[in-house]
Amino acid sequence: MSSNASEFLSDPPSDSNLSGLIDAVGFVHLHVHTSYSLREGALTIENLAKFAAADGMPALAMTDTNALFGALEFSEKLSKKGLQPIIGMQLAVDFGDAGQFGGRHVQSSYGRGSLVLLAQSEAGYLNLMRIGSRAWLDPQPGDLPHVSLDLLDGHHEGLIALSGGPSGPLDRALLGARMDVASARLERLREIYKGRFYIELQRHGLADEKRVEPGLMELAYTKGLPLVATNEPYFAAASDYDAHDALICIAEGAVISSGDRRQLTPEHRFKTRAEMLKLFADVPEATRHSVEIAMRCAFRPRTSKPILPRFTSVDGTPLDEIGELRRQAEEGLDDRLAAHGPAPGLTETDYRDRLAFELDVIVRMKFPGYFLIVADFIKWAKAQGIPVGPGRGSGAGSLVAYALTITDLDPLRFGLLFERFLNPERVSMPDFDIDFCQTRRDEVIRYVRQRYGADRVAQIITFGSFLARGVLRNVGRVLEMPLGQVDRLAKLIPQNPAAPVTLEQALKSEVRLREAADAEPKVQQLLNISQKLEGLFSNASTHAAGIVIGDRPLDELVPLYRDPKSDMPATQFNMKWVEPAGLVKFDFLGLKTLTTLAKTVDLLANRGIRIDLTK
């Protein structure tokens, strides 16, 4: 079945065969947390694809908490396994009715609920990116990511909504003994998602699930809405429960022995279709609806070629990029030759021939706009007296870059090769590593945002991971082991930032670590749990240098995120996936050395000593 997944979902069979096909599939997972649900999910995308394929599943959804961090990666990796990826998100929604629940604590508990939104079309995926971006960019600093119900109303096309399970708005209202509020929320959601709203049933053995299930079924049957069965896996197998429980404790700053904390059950594992059919045997329509929903979701995001913004004049007038590049490069070379002359043994003809060759390659590879954009913000920075590096890396081999003042090194003088930077036989985006004074780098970024539009420029997200020493210390804390003991064990793991040593490698190479595990069961537990959590994403931050510039509002290409430490948006896709999404990366590196040099020149100028660093 899985080998025909794409055909099965994108080209549904006739009605006569539909029922048999749904029965053959049985169940599709629609509410799944990957490791991109930070400090919550312990399932990597690779493992999810492997588990789903092994069980013959034709499709699988990802619905990470308030995020689309892994959307493109999930789409690519599942499709390569012959599975239909369904892109979704579990999203916190403010229903604006918290006052009906009484006191402030009760309001905060019941006023918001999480819906599961699934993209069934390209329009749905675009809406999902917009909604997912607003969840991070709109809330006040310090507030958790969420959106208003009004935002969902304005961006509902192409989306299927599930009621969200125990954290959903219906379940929360029923837990607060407010069937009237649950009914009112249901009517509002039914109105927004006409024919695309499902009431979600989960059975993980939690007391709250059992309390609300009768109310959910009553709402479904009296309102004529479909039920859908979901399992909400956070980890692979029941044997991973203890490690995942420790992960939840790490996220919440709690300890394992504490009773007053969030706890899941071993049933939050990745269940097979057969297990789910057995679990919901008394409500067969609920599992059938999971397959129907999967068949309605026939879209997946795909990789794209780079999309550069159109280079314009300062007043916004479109320019002929090829003609503009040739003009600027030829005039720039004239200026360079007038100032410095040709290198020894070379003539002006050698320079003009090299320039013509490079320009021809740049035009054929369709990169004139890239060179013009980089030259524009570097010229602006130099005009403002912001120190800019002379150029380094393969970009220093370009005479066009030298002529445009992107670099300040004459590549012919030093015998540098242009082909190391751009080569038609190995097509890839050019990538200048540009150094700016560390204290004034932000001024250049502000200029770029003003020049191309604040909604078209963003930083790039990065994800930190649990490494061997760090995860050992975190797990030791939640297990309430003595700090000194955990510290001694952690220091037995070799420290190598360039090539981090894994716990498995440390156990093989360090006999004292193995002896400690053999001597004390608690240490063995510490190491077992730590190995299961090692490598999972631990946090999100922003890349130190990477900036992307788009030709349209960025949330039409990628979802956006905001780092609490920055007032500038970042992409939700990391460096590896932001370029396949169609965005072009520019490196704005802050270099302390340039700051030191600039300060030194200023201090010398105070004593009447004038120094020109370019000479």
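Residues numbered from 1 in each chain as written. Predicted model: local features only at pLDDT ≥ 70, side-chain atom pairs only at ≥ 80, totals over all residues. Heavy atoms only, no water.

**A short note on helix H22 (residues 511-519)**
Filter applied, for reference: When a residue's accessible area, from a 1.4 Å probe over protein chains only, is under 20% of the maximum for its type it is buried; when over 50% it is exposed; and in between it is partly exposed. Runs of E in the DSSP output that reach at least two residues are strands. Runs of H or I that reach at least four are helices, and both are numbered from the N terminus. Summarising the geometry, the arc corresponds to the directions from the helix axis toward the C-beta atoms.
Within H22, burial applies to Leu 513, Ala 516 and Ala 517. Down the axis of H22, the buried set is contained in an arc of 100 degrees. They therefore lie on one face. Seen from the open side of H22, the exposed residues pointing more than 90 degrees away from its buried face are Asp 518 and Ala 519.

**Some details on the pairing of strand S9 (residues 457-465)**
Threshold: Any two strands are treated as partners once DSSP identifies two or more bridges connecting them.
A large share of S9 lies buried, amounting to seven of its nine residues. When S9 meets strand S12 (residues 569-574), the two strands line up parallel, connected through three bridges. Across the sheet, residue Ile 461 finds its bridge partner in S12, namely Asn 574.

**What about the nonpolar core?**
A general feature of soluble globular proteins is that nonpolar side chains tend to end up buried together. Where we set the bar: Within this scheme, the nonpolar core is defined by two criteria: the residues are buried Ala, Val, Leu, Ile, Met, Phe, Trp, Tyr or Cys, and they are joined through side-chain atoms within 4.5 Å. Residue contacts follow a heavy-atom distance rule, with two residues in contact if any of their heavy atoms lie within 4.5 Å.
Core analysis: the biggest nonpolar cluster contains 85 residues, and Leu 117, Leu 152, Tyr 193, Phe 197, Ile 199 and Phe 573 have the highest contact counts within it. For this core, the element with the highest residue contribution is helix H6 (residues 122-137), accounting for six residues. Not counting residues within four places of it along the chain, the set of residues in contact with Tyr 193 comprises Leu 117, Leu 152, His 156, Leu 159 and Ala 161. Of all hydrophobic cores here, the second largest spans 51 residues; its members include Ala 343, Phe 367, Phe 418 and Phe 436.

**Quick word on empty space enclosed by the protein**
Selection rule: Two kinds of site are reported from a 1 Å grid over the protein atoms alone, namely cavities, where a 1.4 Å probe fits but cannot get out, and pockets, open sets with protein on both sides within 12 Å along at least five of seven lines, and residues are called lining when an atom falls within 4 Å of a point. Grid points are joined across faces, edges and corners, and a volume is the space filled by probe spheres set on the points. The classification used treats Ala, Val, Leu, Ile, Met, Phe, Trp, Tyr, Cys and Pro as nonpolar, Asp, Glu, Lys and Arg as charged, and all other residues, Gly among them, as polar.
What the rule picks out here adds up to three cavities of 30 Å³ or more. Every residue lining the largest cavity is listed: Ile 378, Val 388, Gly 389, Gly 391, Arg 392, Ile 406, Thr 407, Phe 432, Asp 433, Ile 434 and Asp 435. Tallying contributions element by element places strand S8 (residues 433-437) first for the lining of the largest cavity, with three residues. There is about 50 Å³ of room inside the second largest cavity. Taken together, Gly 165, Pro 166, Asp 171, Glu 200, Leu 201, Gln 202, Glu 209, Val 212, Glu 213 and Leu 216 make up the lining of the second largest cavity. Those elements giving two or more residues to the lining of the second largest cavity turn out to be strand S6 (197-201) and helix H10 (207-223). Tallying contributions element by element places H10 first for the lining of the second largest cavity, with four residues. Its residues assigned to classes, the lining of the second largest cavity shows four nonpolar, two polar and four charged.

**Some thoughts on the side chain of His 146**
Using the following cut-off: For this analysis, a polar contact is any N or O atom pair within 3.5 Å, provided that within protein one partner can donate a hydrogen and the other can accept it, and provided that sequence-adjacent residues contribute only side-chain to side-chain pairs.
Mapped onto the elements, His 146 comes out in the loop between H6 and strand S4 (147-148). Judged by its relative accessible area of 13%, His 146 falls in the buried class. A polar side-chain atom of His 146 sits 2.8 Å from the main-chain carbonyl oxygen of Leu 144. Once residues lying within four places of it in the same chain are set aside, the contact partners of His 146 are Ala 92, Asp 94, Arg 112, Arg 134, Ala 135 and Pro 139.

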